[in-house]
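# Structure at a glance
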Amino acid sequence: MIIDLRSDTVTQPTPGMLEAIANAVTGDDVYKEDPTVNQLEKYVADLFGMDQALYFPTGTMANQAAIKLHTQPGEQLICDRWAHVYNYEGGGVSFNSGVSCKLLQGDRGMVTAKQVESAINPPDFYHSPQTSLVTLENTTNKGGGACYDLKEIEKIRTVCDKNGLGLHLDGARLMNALVARNEDPGDYGLVFDTITLCLSKGLGAPMGTVLIGKNKLMEGAMRVRKVLGGGMRQIGYMAAAGIYALDNHIERLAEDHQRALEIALLLKSRPYVKKVEETETNIVIFYLEDSVKEEKFLSDMSEMEVKLSSMGEGKLRLVTHLDYSPEMHEKFLGILDNYK
Ligand SMILES: *Cc1c(COP(=O)(O)O)cnc(C)c1O
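The model shown is predicted, which means the values in this text are computed figures rather than measured ones. Here the residue index of a chain counts from 1 through its sequence in written order. pLDDT decides what is reported in this predicted model: residues at 70 or higher carry local features, side-chain atom pairs at 80 or more are listed and counted, and totals for whole chains, interfaces and linings draw on all residues regardless. Calculated side-chain values reflect all of the structure's heavy atoms, with hydrogen atoms and water omitted.

Near residues are defined by distance, with any heavy atom within 4 Å of the molecule or strand qualifying the residue. Taken together, Thr 58, Gly 59, Thr 60, Asn 63, His 84, Glu 89, Glu 137, Asn 141, Asp 170, Ala 172, Arg 173 and Lys 201 form the complete shell of residues around the ligand. Taking Thr 60, its side chain carries an N or O atom lying 2.6 Å from an oxygen atom of the ligand. Strands here are runs of E lasting at least two residues and helices are runs of H or I lasting at least four, both read from the DSSP assignment and numbered beginning at the N terminus. Looking at which element gives the most residues to the shell around the ligand, the answer is helix H3 (residues 59-70), with three residues. Of the residues belonging to the shell around the ligand, the class tally is one nonpolar, six polar and five charged. N or O atoms closer than or at 3.5 Å make up a polar contact, with two conditions inside protein: a donor-capable atom paired with an acceptor-capable one, and, for residues adjacent in sequence, both atoms drawn from side chains. Note on residue categories: nonpolar means Ala, Val, Leu, Ile, Met, Phe, Trp, Tyr, Cys or Pro, charged means Asp, Glu, Lys or Arg, and polar means any other residue, Gly included.

The structure is reproduced here in structure tokens:
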């Protein structure tokens, strides 16, 4: 029994999901003739009350497409210094869109309206890049699964409106936030211009992210996806997994959150742990005492068939998910309790 807590992307499709995949009706999605992809896109657009949706192979490609749709080369976007679009998308912001990032020092990956406002370059000052987009992340990955306060997002929207900026949400784990905060997806559809919703994280599908947005912005989305190499053919097999995930795997995210919280509470009580970040959803970030070597800790864990990931600077991360069973949870808590 290997307990793999490196990420919520390590899950295997469930028997029910495999059945949905096997029974999918498909067509060529580049011709927009795959009924299951079309159904998934309508499902997600309707769920958030947004005009249009487009299915992408990965969250990275969907975020990159959104940034391309919002910006012109030479412009600048504003994001937190821990943002996935800045840190973990291979420099795609500059590679794909020719755009730079103005980084804000937020709280656990979350920025405030005030910070955003003061980061906007004056539009008539032609020496500096023109600010055109704000991208937020909810929940935050590097910030430890932290959830935004919707009120703060609404304030950021107001700042964007006043300054003619687009507002994009990297919602790789948006469903975790909605479940944790008991929020309505429609409220997110109202406040953002574009949102990416990942199906292959906590929701447990093998692949896929849906980009949703307003008609005007989404006009060029098919072309941008094609340019990035994301036009796929009978991909309804994977869209069927996404539909299955949305039908069956949203409410259960609360179980992942509960287990993550139990792990965090136990870690807090252990002498080898220096600090545990506040745990709101399915990500636990913690730091070891200086006397405990990170490499040794990780290799000890790996000997006990537990996998975690290091985020650098002494920061360790673990993520609970669909394939982290109650039996694994019990065993893992025991391991942490007894570790010396
Ligand atoms: C995982 C993730 C993505 C998308 O990653 P892909 O592996 O390309 O699907 C985007 N943003 C955040 C915050 C993520 O955690």
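We are not done yet, so read on.
A few words now on helix H7 (residues 150-163). One less than the number of residues in a helix, times 1.5 Å, gives the span that helix is expected to have. With 14 residues, H7 ought to run about 20 Å at 1.5 Å a step, and its terminal C-alpha atoms sit 20 Å apart, in line with that. Listing the buried residues of H7 in full gives Leu 150, Ile 153, Ile 156, Arg 157, Val 159 and Cys 160. Buried residues of H7, viewed axially, fall in a sector of 165 degrees; they line one side. Residues Lys 151, Asp 161 and Lys 162 are exposed on H7 and point more than 90 degrees away from its buried face. Contacts were defined at the residue level, with two residues in contact if any of their heavy atoms lie within 4.5 Å. Next to the buried residues of H7 lie helix H6 (113-119), strand S5 (131-137), strand S6 (166-171) and helix H9 (185-191). Phi turns positive, to about 65 degrees, at Gly 164, one or two residues after H7. Throughout this description, buried means an accessible area under 20% of the type-specific maximum (1.4 Å probe, protein chains only), exposed means over 50%, and partly exposed covers the range between. As used here, the arc belongs to the directions running from the helix axis to the C-beta atoms.

For the rest of this paragraph, the subject is the sheet that holds S5. Criterion used throughout: strands pair if DSSP finds at least two bridges between them. The mixed open sheet is built from seven strands, whose spatial order is S2-S8-S7-S6-S5-S3-S4. Of all the strands in the sheet, just strand S2 (52-56) and strand S4 (100-104) have a single pairing partner and so form its edges. Along the sheet, successive strands turn relative to each other by an average axial angle of 20 degrees, direction set aside. Of the pairings in the sheet, the one linking S6 to strand S7 (residues 194-198) comprises four bridges and is parallel in character. Note that in S7 the partner of Leu 169 across the bridge is Ile 195. The axes are straight lines fitted to the C-alpha atoms, using for helices just the contacting stretch, and the angles between their N-to-C directions are given from 0 to 180°.

Moving on to the environment of Lys 32. Tracing the sequence through the fold places Lys 32 in the loop between helix H1 (15-22) and helix H2 (35-48). By relative accessible area, Lys 32 is classed as partly exposed at 28%. As a C-alpha pair, Lys 32 and Gly 49 span 17 residues in sequence and 21 Å in three-dimensional space. Apart from the residues within four sequence positions on either side, Lys 32 is in contact with Val 37, Asn 38, Glu 41, Leu 54 and Met 222.

What follows concerns empty space enclosed by the protein. Grid points spaced at 1 Å and placed over the protein atoms alone form the basis of the search, with a cavity being a set where a 1.4 Å probe fits but cannot get out and a pocket an open set showing protein on both sides within 12 Å along at least five of seven lines. Lining residues have an atom within 4 Å of a point. Grid points are joined across faces, edges and corners, and a volume is the space filled by probe spheres set on the points. Counted by the stated rule, this structure contains three cavities of 30 Å³ or more. A volume near 50 Å³ is recorded for the largest cavity. Taken together, Cys 79, Asp 80, Ala 83, Gly 109, Val 111, Thr 135, Leu 136, Glu 137 and Tyr 148 make up the full set of residues lining the largest cavity. Those elements that provide at least two residues to the lining of the largest cavity are strand S3 (76-80) and S5. Its residues assigned to classes, the lining of the largest cavity shows five nonpolar, two polar and two charged.

Before going further, it helps to spend a moment on the layout of surface pockets. In this model, the largest pocket occupies a volume close to 260 Å³. Lining of the largest pocket is provided by 25 residues; of these, Thr 9, Thr 60, His 84, Ala 172 and Lys 201 occupy positions nearest its centre. Elements supplying a minimum of two residues to the lining of the largest pocket: H3, S6 and S7. The residue inventory of the lining of the largest pocket, partitioned by class, reads seven nonpolar, 13 polar and five charged. Taken domain by domain, the makeup of the lining of the largest pocket includes at least three residues from each of domain 1 (3-8 + 252-338) and domain 2 (15-248). Each domain span listed reflects an automatic or database assignment of domains.

Looking now at the UniProt feature "modified residue: N6-(pyridoxal phosphate)lysine" (unreviewed entry) in the chain. Here, the residues flagged by UniProt with the feature "modified residue: N6-(pyridoxal phosphate)lysine" (unreviewed entry) are Lys 201. As for its placement among the helices and strands, Lys 201 is situated in the loop between S7 and strand S8 (209-213). Take Lys 201: its relative accessible area is 14%, and that puts it in the buried class. Ignoring anything within four residues of it in the chain, the contact list for Lys 201 reads Asp 8, Thr 9, Ala 172 and Arg 173. UniProt positions are given in the numbering used here, feature names are shortened, and annotations may be inferred rather than shown by experiment.

By convention, a stacked pair of Phe, Tyr or Trp rings (six-membered ring in the case of Trp) has centres within 6.5 Å and planes under 30 degrees apart, an edge-to-face pair has planes over 60 apart, and any other such pair is tilted. Considering all chains together, one arrives at five aromatic pairs under this definition. Each ring, one from Tyr 188 and one from Phe 192, has its centre 6.2 Å from the other, and the planes form 10 degrees; the classification is stacked. Neither Tyr 188 nor Phe 192 differs from the other in exposure class; each is buried. Considering the side-chain rings of Tyr 272 and Tyr 339, the 5.1 Å spacing of their centres and the 80 degrees angle between planes classify their relative orientation as edge-to-face. One end of the pair, Tyr 272, is in the loop between helix H13 (253-268) and strand S9 (273-276); the other, Tyr 339, is in the segment after helix H15 (326-338), and 67 residues separate them in sequence. Neither residue differs from the other here; Tyr 272 and Tyr 339 are each classed as buried. Each member of the aromatic cluster is reached from another via a ring pair, and the members are Tyr 272, Phe 286, Phe 297 and Tyr 339. The criterion for a charge sitting over a ring is simple: Lys NZ or Arg CZ within 6 Å of the ring centre, and within 35 degrees of the ring normal. Taking the ring centre of Trp 82 as reference, the NZ or CZ of Lys 315 above it sits at 3.8 Å.

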